[in-house]
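Understanding the architecture of this molecule
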Amino acid sequence: MAERAESGARVYAEALHRAASSAGRIAQVDGDLREFLESLAENRQALAALLNPQLPGDARKRIIAGMMKGADPLARHLVMLLSDNGRFSMVQDVASVFADMAAQEERILDVEVTTAIALAPAQAERIEQRIEQATGLRARIDAHVDPSIIGGLVLRARGVLLDASVRRELDEIRRALINTPLPVGSEA
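Right, let's walk through the structure included here. (Residues numbered from 1 in each chain as written. Predicted model: local features only at pLDDT ≥ 70, side-chain atom pairs only at ≥ 80, totals over all residues. Heavy atoms only, no water.)

**Here's the deal with the overall build of the protein**
As a reminder, the rule being used: Secondary structure counts use DSSP, requiring at least four H or I residues in a row for a helix and at least two E residues in a row for a strand, with both numbered from the N terminus. Each radius of gyration is computed over the set of C-alpha atoms, and the globule rule expresses the reference value as 2.2 Å times the number of residues to the power 0.38. Note on exposure labels: buried denotes an accessible area under 20% of the residue type's maximum, exposed denotes more than 50%, and partly exposed covers the range between, all computed with a 1.4 Å probe on protein chains only. Residues counted as positive are Lys and Arg, residues counted as negative are Asp and Glu, and His and the chain ends are not counted. Where a charge sits is defined by one atom per residue type, namely NZ (Lys), CZ (Arg), CG (Asp) or CD (Glu).
Regarding its fold elements, the protein presents eight helices and four strands. Taken from the N to the C terminus, the helices and strands of the protein come in the order α-α-α-α-α-α-β-α-β-β-β-α. What you see for the protein is a C-alpha radius of gyration of 22 Å, clearly larger than the 16 Å of a compact globule of 188 residues, by over 25%. Its C-alpha atoms give the protein principal-axis dimensions of about 80 × 40 × 30 Å. Looking at the protein as a whole, 34% of its 188 residues qualify as buried. Charged side chains of the protein number 23 positive and 27 negative; the gap between the two group centres comes to 3 Å.

What follows is the structure, given as structure tokens:
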């Protein structure tokens, strides 16, 4: 995610981080950017309009202002600036890089957890506790369901992947069976 963001997004995110840090509002700006992206994901018409290069700038500003009515001014100004500079398509990358910077400063580890079935709240809490014990950081889990992993779980954090799924184990067994030479003289 943030590791793959283009350098332009990093410049905007670093400038926003400096401003939010100086104002003591990193968590608020991070939360407001997350909410804005979630509202864009739910409102495909607004997203399409904001990405439309033929939409007049005033109309684009009205849409952003309406969607970010109660947002921190720094978050709102960032989105407006990206729009004014013709870089609205970078908002996801900028928010992702900023979220990573905020998480590192607050000693939070964002972990994407994928399981074959939905996690019960108690299971998610146990996973968070084990991650916190192992890393010394406060874990923040983003749970996903992918039935194709069959069982177990897949963890992804800061570009590191830990695949403890049944699907991976079955794939390893299959590869071992295919690649293991049979002893000479055996019948197969």
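**Observations concerning the packing of helix 2 (residues 26-42) against helix 6 (residues 91-105)**
Helix-helix packing: each pair is described by the crossing angle between the helix axes and the interaxial distance. Filter applied, for reference: The axes used here are C-alpha line fits, helices contributing only the stretch in contact, and every angle between their N-to-C directions lies in the interval 0 to 180 degrees. Less than a right angle of anticlockwise turn of the near helix away from the far helix marks a crossing as left-handed, whereas a clockwise turn marks it as right-handed. By the convention used here, residues are in contact when the closest approach between their heavy atoms is within 4.5 Å. Residues are sorted three ways: Asp, Glu, Lys and Arg are charged, Ala, Val, Leu, Ile, Met, Phe, Trp, Tyr, Cys and Pro are nonpolar, and all the rest, Gly among them, are polar.
At a closest axis distance of 10 Å, the pairing of helix 2 and helix 6 adopts a crossing angle of 145 degrees. The handedness of the crossing between helix 2 and helix 6 comes out as left-handed. Residues Ile26, Val29, Asp30, Leu33, Arg34, Phe36 and Leu37 of helix 2 form the contact with helix 6, whose own contacting residues are Val91, Gln92, Ala95, Phe98, Ala99, Ala102 and Glu105. Looking at the contact of helix 2 with helix 6, its residues break down into 10 nonpolar, one polar and three charged.

**Focus: the pairing of strand 1 (residues 108-115)**
Test applied: One requirement defines pairing of two strands: DSSP has to find at least two bridges between them. A clockwise path from the first strand over the helix to the second, with the strands pointing away from the viewer, defines a right-handed crossover.
Of all eight residues in strand 1, seven are buried; the element is thus mostly enclosed. As paired strands, strand 1 and strand 2 (residues 138-145) are joined by eight bridges and run parallel to one another. If you follow Glu112 over to strand 2, its bridge partner there is Asp142. This β-α-β element, strand 1 to helix 7 (residues 121-135) to strand 2, shows right-handed connectivity.

**Here we look at the pairing of strand 3 (residues 152-157)**
Bridge analysis of strand 1 against strand 3 gives four bridges, and the strand direction is antiparallel. Within strand 3, the residue paired with Thr114 across the bridge is Val154. Sheet topology places strand 3 next to strand 4 (residues 160-165); six bridges connect them, and they run antiparallel. Paired with Leu155 across the two strands is Leu162, which belongs to strand 4. Counting the residues between successive antiparallel strands, the hairpin from strand 3 to strand 4 contains two residues, one of them, Arg158, with a positive phi of roughly 45 degrees.

**Considerations on the nonpolar core**
To keep it simple, the criterion reads: By nonpolar core is meant a set of buried Ala, Val, Leu, Ile, Met, Phe, Trp, Tyr and Cys residues that side-chain atoms within 4.5 Å join together.
Val29, Leu33, Phe36, Val79, Phe88, Val94 and Phe98 are the most contacted members of the largest nonpolar core, which totals 29 residues. Listing elements by their share of this core, those giving two or more residues are helix 1 (7-23), helix 2, helix 5 (73-84) and helix 6. Beyond its immediate stretch of four places on either side in the chain, Phe88 contacts Phe36, Leu40, Leu47, Leu50, Leu51, Ile64, Val79, Leu82 and Ser83. Listed in part, the 10 residues of the second largest apolar core include Leu109, Val113, Leu137 and Ala157.

So far we have only geometry, and geometry alone does not tell us how the molecule works.
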